[in-house]
Amino acid sequence: MGSDGARRKGIALTDRQRIAWLRLIRSDNVGPATFRDLINHFGSAEAALDALPELSRRGGSTRSIRVATVAEAEREIETAHRLGACFIGIGEPDYPPALRQIDAAPPLIAAKGDLGIANLPSVGIVGSRNASISGAKFAAMMAREIGRAGYCVVSGLARGIDAAAHRASLDSGTIAAMAGGLDQPYPPENVDLLDQICSGRGLAISEMPFGWEPRARDFPRRNRLIAGVALGVVVIEAAARSGSLITARLAGEFGRLVFAVPGSPLDPRCEGTNGLLKDGATVTTRSQDVLQALAPISQVDLFSQNEADEPDSEEGREHALAPPPNDDERLVIVEALGPTPVEIDDIIRHTGLAASSVYLVLLELDIAGRLERHAGGFVSLSMID
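Everything quoted here is computed from the prediction, not taken from an experiment.

Some remarks on the side chain of S382
Stage number 1. In this structure, S382 sits in the segment after β12 (378-381).
Stage number 2. On the accessibility criterion, S382 (7% relative accessible area) is buried.
Stage number 3. Discounting residues that sit within four places of it in the chain, S382 has contacts with G369, R370, L371 and E372.

So, the domain arrangement of the chain
Stage number 1. Entries for the chain in the domain assignment read domain 1 (13-94), domain 2 (113-297) and domain 3 (325-379).
Stage number 2. Spacing between the C-alpha centres of domain 1 and domain 3 amounts to 23 Å.
Stage number 3. Taken together, the contacts link 15 residues of domain 1 with eleven residues of domain 3.
Stage number 4. Across the domain 1 to domain 3 interface the summed buried area is about 1,200 Å²; carbon plus sulfur atoms make up 62%.
Stage number 5. Three residues, N29, R58 and G59, lead the burial of domain 1 against domain 3; their summed loss comes to 39% of the area buried on that side.
Stage number 6. Applying the counting rule to domain 1 against domain 3 returns two salt bridges.
Stage number 7. On the surface where domain 1 and domain 3 come into contact, there are six residue pairs in polar contact (both at pLDDT 80 or more).

Points about the environment of S244
Stage number 1. By secondary structure assignment, the location of S244 is in helix α10 (residues 243-253).
Stage number 2. Expressed as a C-alpha distance, the spacing of S244 and S128, which sit 116 residues apart in the sequence, is 7.5 Å.

Focus on the UniProt feature "domain: Smf/DprA SLOG" (unreviewed entry) in the chain
Stage number 1. Under the UniProt annotation, the feature "domain: Smf/DprA SLOG" (unreviewed entry) is placed at residues 87-294.
Stage number 2. Segment residues 87-294 splits into 36% helix and 19% strand. End C-alpha atoms: 30 Å apart.

Re helix α3 (residues 45-58)
An α-helical turn contains 3.6 residues, so a residue and the one three or four places further along point in the same direction.
Stage number 1. Taking 1.5 Å of rise per residue, 14 residues should cover 20 Å, and α3 covers 19 Å from first to last C-alpha, within 8% of that figure.
Stage number 2. Considering bend angle alone, the principal kink of α3 is centred on A51 and spans about 45 degrees; proline P53 follows within four residues of it.
Stage number 3. Considered for burial, the residues of α3 that qualify are A45, A48, L49, A51, L52, L55 and S56.
Stage number 4. In the core, the buried residues of α3 are packed alongside α1 (15-25), α2 (32-42) and α16 (355-367).

Rules used throughout
Residues numbered from 1 in each chain as written. Predicted model: local features only at pLDDT ≥ 70, side-chain atom pairs only at ≥ 80, totals over all residues. Heavy atoms only, no water. Helix = DSSP H or I, 4+ residues; strand = E, 2+ residues; numbered from the N terminus. Buried < 20%, exposed > 50% of the residue type's maximum accessible area, 1.4 Å probe, protein only. Contact = heavy atoms within 4.5 Å. Domains from an automatic or database assignment. Buried area = accessible area lost by both parts, 1.4 Å probe. Salt bridge = Lys/Arg side-chain N within 4 Å of Asp/Glu carboxyl O. Polar contact = N/O pair within 3.5 Å; in protein donor to acceptor, adjacent residues only side chain to side chain. UniProt positions renumbered as here; feature names shortened; annotations may be inferred. Expected span 1.5 Å × (residues − 1). Bend = angle between axes of the 7 residues up to and from the residue.

So, in structure tokens, the structure goes:
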């Protein structure tokens, strides 16, 4: 299915590439940032898969790394097809353009529904699970009016504000970002809502494997999807310790606009949103506040560049064939690291070694489970071996 006016750009993966990409992201110690670095260094997912055991050994791991098999990847793709879903690579036309640009974007997402919806400009609407009646009504009003203006509404399928925003935008377009696999919706009472989203003008997305039941630590990843897909995020009723505030923080880090609806200082559900306003979020009392702020950036194609495609040149293969750093160089890089996050450029300057050598050793440590990655491209040495 498609959506009118969607801007589709990108290059489709071959079936063989899709299997290799899925194997790579499902292998031990390979997250989105590591995936990107592996592709950039080795030129393809297949070459990176072949290199994983040796990288892990050189990084100091004493255990064999688990590399996802072809059979495992094929089974997951078959499961997706059986459920009417598919996997979309970061450089493909149906990958959400804004999400493509965030730091460590998911290289593959599972998607079910109207794929063309992903190419519409999106606005996130999030808030309290135990929303007030007025909060839910305001969320629905915002979603309807924003949808009529040509935007897709993205949220997290949670009860309360999320559900109200999804329901109000079923006709205009909505994206549900999920914390678990697409076949593991949460909460259970929103299963019917998810079915309505996927069978109409909507889309469900997840970066987690099919069969993955969401746990507490998975919801910040879901929030990252919401913040990444959207041009701006509207927060309606959020307590002081709320997942919606995580979404707002991530949106700010990604350069998105953050909107907050003021509420009574006597209502604990509004403590977080009022705090966002103190920190500089845009005061929002009507949909026009959002539409006017987004108008200058939603009318131009800000996200036309595709990243993390498999290079068709010899560059990646040249890097892969280059001799690895010797033990002395590797020791210098490891000793430059510690528990405090540092920029990779600082490591290069401090050690005086070639950037290619530093990046390769960091990859080795990463695959061996000895490197921690932080926001903004910072890294540190893991203290847990």
